[in-house]
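Commentary on secondary and tertiary structure
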Amino acid sequence: MNRPQPSTPAGLLPLLLLLLITPLVACASNGRSQWEQAALRDLQAVRQTVQRHHPGPVDERNPHFEGWLAQGYDKAVEMASQVNSEAGYRFLLQYYASGFNDGHLKVRFDAQSEDWQWPGFSVSFNGGRFLVNDIIQDESQETLPGTGAVLLSCDGRPIREIMLEEIIPFYFGVQDLESSWARLAPRLLIWDGNPWRTRFMSCRFRFPGLESETQVPLEWRDPPPELSLEQLLSRATFGARTAYGIQALSSDMTWVSLPSFGPRTPEEFDALNEIIERLPEYRDSKLLVFDVRGNGGGNSQWGSNLVRQFWGRDFASHVQSQSAGNPVYAEWRVSRENIDYLKGLLPALEKRFGSEAEVTEMVRQTSQGMDQALEQGRDLFHLGPDASSPSPAAPEPANPVKAQVVLLTDGRCASACLDFADEVLLMPGVMHAGFPTSADTLYMDVRSVRLPSDNGRLVIPLKVYRNRRRGNNQPYVPQLRFEGDLSDTQALQEWLRDKLEISRD
């Protein structure tokens, strides 16, 4: 017997289907998707937070800052109509924050998407070229370029044009920094849902030893389960972080690994303190290398402690006082929230560095001075020596360091790592080797603010440097440039031995 089939009222099935397939982009009465509305709310919060708490809007020496604050916001609001997914939401926020060209002004999301595809290989940037690496081929792929092939164009567009239009603006790059190009080059062949990116059909390559060019179709696919996006980006740029430690590689060569100035665990904290304590033992090495590969910053007090321990407080202070230019000082953006944040730091600083430490005293004085400035209605609080009154010359103490000192960097050296480079490269005879560093603006010392969507945080700097010897977004370029794989520590050690004629005993 045939059973009667339940009937569906007219119009109900399409409605049920709509509810099933569009839960995240359900349209509100104004016609905007959930993600577009979240993006607009967060964009407005970013603009207002920067306006109220960042030194840029009241910095008379940087009249261009407010241009992007307003015009970049208007452009991002215009782009918001294309946001109908979480990926679009994320990349629109990143676009606005990236436009400030400031490594300290960012949006950070609580969860990072692992939904991405690639064509089975990635590219890196070195020596001005985009080179194929990290090839993983399966049976379904008929054509892949070989390792070392040079990527020239995709879908008829030059690679440099694509970097400037689709990569640099969305991934916190600065177009004039080689380190940004090296860090972001692997993104060229990663599809991550960014609606302002192109999913290329094919690319042209020049193979090693050949002058002719070859067109290669791209077959986009999911990555193998064992390959995360973070791993791919690390392998295609500068490699994984090293571990803290001091190695006496021979009687003539000492290697000091400083992968961060923000130790994350008690073990890392103890290891960094041990390095500082032991450094004077190695002043007579023929060669001592400060290896800061992977060091993206942290607290500058660590770097200052290293310099003063190794060269001695008297000698280091003398060299710094005799450097050309007016004394460096800072101006802090005055707001109640900024003051409360600094006051909240004091217990942790006292525990980590001591109540009398320079950084602890600086934060204490700054928060107190900002309180007074707030009562007086001032936007900036000046902390530091009077720029018009340089300190008098003092007799030069003896330099206790006999070693040839080398600072070894990759393109991740930023923030407190650059502050360390400022101090180390000021010392007599120090050489710089490796890869050009990253760079930062004159805006420093950050705090974070929760976004209204509760999807992440906005990170903003609180102070602006005055008279800093290193200019705005100015990297350090090494005297000795290493063109090989910067993650290969042994190769780097052999290269430095040869360059500086250090024995291998």
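Since the model is a prediction, treat every value here as computed from it, not as a measurement.

1. Structural notes on the overall build of the protein chain
Within the protein chain one finds 14 helices and 17 strands. Here the contacts in the protein chain between residues at least 6 apart in sequence split such that 72% fall between residues at least 24 apart.

2. Some points on the environment of Leu-462
Examined against the element boundaries, Leu-462 turns out to sit in strand β16 (residues 456–466). Remark: the alpha-carbon pair of Leu-462 and Leu-342, spanning 120 residues in sequence, is separated by 9.8 Å. The residues touching Leu-462, leaving out its near neighbours within four places in the chain, are His-53, Pro-55, Glu-331, Trp-332, Arg-333, Asn-338, Tyr-341, Leu-342, Met-444, Asp-445, Val-446 and Arg-447.

3. Topic: the confidence of the model for the protein chain
Taken as a whole, the protein chain shows an average pLDDT of 89; of its residues, 89% reach a score of 70 or greater. Overall, residues 1–29 carries pLDDT values under 50, and its contacts beyond four positions in sequence, including any with other chains, amount to 13 contacts.

4. Notes on the state of the cysteines
This structure, assessed with the given rule, holds 2 disulfides. Between the sulfur atoms of Cys-154 and its disulfide partner Cys-203 the distance amounts to 2.0 Å. On the sign convention where negative is left-handed, the bridge of Cys-154 and Cys-203, at about 95° about the S-S bond, is right-handed. Note that Cys-154 is positioned in strand β4 (residues 150–154) and Cys-203 in strand β6 (residues 202–206), a separation of 49 residues in sequence. The exposure class assigned to Cys-154 is buried, which follows from its relative accessible area of 1%. Regarding the disulfides, the protein chain carries the connectivity 1-2, 3-4 under sequence-order numbering of its bonded cysteines.

5. Quick word on the sheet that holds strand β14 (residues 431–434)
Within the open sheet, the 6 strands sit side by side as β8-β9-β10-β13-β14-β17. Their pairing is mixed. Strands with a single pairing partner mark the edges of an open sheet, and in this sheet they are β8 (245–250) and β17 (480–481). Pairing of β14 with β17, which is carried by 2 bridges, proceeds in the parallel orientation. From the neighbouring strand, Ala-433 faces β17, where its bridge partner is Leu-480.

6. What to know about helix α10 (residues 313–322)
Here α10 has its buried residues at Phe-315, Ala-316, His-318 and Val-319. Buried positions in α10, seen along its axis, are confined to an arc of 160° and lie on one side of it. Within α10, the exposed residues directed more than 90 degrees away from the buried face are Arg-313 and Asp-314.

7. Quick notes on the pattern of salt bridges
Going through the model one piece at a time under the given rule, you end up with 33 salt bridges. For the salt bridge of Arg-466 with Glu-331, the shortest nitrogen-to-oxygen distance reads 2.8 Å. Separated by 135 residues along the polypeptide, Arg-466 in strand β16 and Glu-331 in strand β11 (residues 329–333) bring together distant segments of the chain. For the pair Arg-466 and Glu-331, a shared accessibility class is recorded, and that class is buried. Across the salt bridge formed by Arg-412 and Asp-410, the nearest N and O atoms sit 2.9 Å from each other. Overall, the relative accessible area of 23% leaves Arg-412 in the partly exposed class.

8. A short note on the environment of Arg-204
On the secondary structure map, Arg-204 appears in strand β6. Each C-alpha atom, one on Arg-204 and one on Pro-145, is 9.5 Å from the other, the two residues being 59 residues apart in sequence. Ignoring sequence-local partners within four residues, the contact set of Arg-204 consists of Val-150, Leu-151, Leu-152, Ser-153, Glu-213, Thr-214 and Gln-215. Looking at Arg-204, its side chain comes within polar contact range of the side chain of Gln-215, at 2.9 Å.

9. Digging into the side chain of Ser-438
When you line up the elements, Ser-438 lands in the loop between β14 and β15 (443–450). Using a relative accessible area of 15% as the deciding quantity, one classes Ser-438 as buried. If sequence neighbours within four positions are ignored, Ser-438 has contacts with Ser-179, Gly-411, Arg-412, Cys-413, Ala-414, Leu-418 and Pro-475.

10. Comments concerning the packing of aromatic side chains
Within the structure shown, the criterion is met by 25 aromatic pairs. Judged by centre distance (5.9 Å) and plane angle (65°), the rings of Phe-121 and Phe-205 are edge-to-face. Placement of the pair is Phe-121 in the loop between β1 (106–109) and β2 (122–126) and Phe-205 in strand β6, with a sequence separation of 84 residues. Per residue, the accessibility class of Phe-121 equals that of Phe-205, and both read buried. Through a chain of ring-to-ring contacts, three or more aromatic side chains come together here, namely Phe-65, Trp-68, Tyr-73, Tyr-95, Tyr-96, Phe-100, Phe-170, Trp-196 and Tyr-443. Positioned over the ring face of Phe-172 is Lys-106, at 5.7 Å from the centre of the ring.

Calculation criteria
Note that residues are indexed from 1 along each chain, following the sequence as it is written. In keeping with the predicted nature of the model, local features appear solely for residues at pLDDT of at least 70, side-chain atom pairs appear and are counted solely at 80 or more, and the whole-chain, interface and lining totals rest on all residues. Side-chain figures throughout are based on the complete set of non-hydrogen atoms in the structure, without hydrogens or water. Every helix listed is a DSSP run of H or I at least four residues long, and every strand listed is a run of E at least two residues long, numbered separately from the N terminus. Two residues form a contact once any of their heavy atoms are found within 4.5 Å. Every residue gets a pLDDT, meaning the predictor's confidence in that residue, from 0 to 100. The term disulfide is used for any two cysteine sulfur atoms that are within 2.5 Å. Categorising residues by exposure relies on relative accessible area from a 1.4 Å probe, with only protein chains included: less than 20% of the type maximum marks a residue as buried, more than 50% marks it as exposed, and the intermediate range marks it as partly exposed. Each pair of strands is called paired provided DSSP finds at least two bridges between the two strands. Regarding the arc, it is the one traced by the directions from the helix axis to the C-beta atoms. For salt bridges, the criterion is a side-chain nitrogen of Lys or Arg within 4 Å of an Asp or Glu carboxyl oxygen. N or O atoms within 3.5 Å of each other form a polar contact, as long as, within protein, one can give a hydrogen and the other can take it, and as long as residues adjacent in sequence are counted only when both atoms are side-chain atoms. Any Phe, Tyr or Trp ring, taking Trp's six-membered ring, that has another such ring centre within 6.5 Å forms a pair; planes under 30 degrees apart are called stacked, those over 60 apart edge-to-face, and the others tilted. Geometrically, a charge over a ring is one whose NZ (Lys) or CZ (Arg) sits within 6 Å of the ring centre while staying within 35 degrees of the ring normal.

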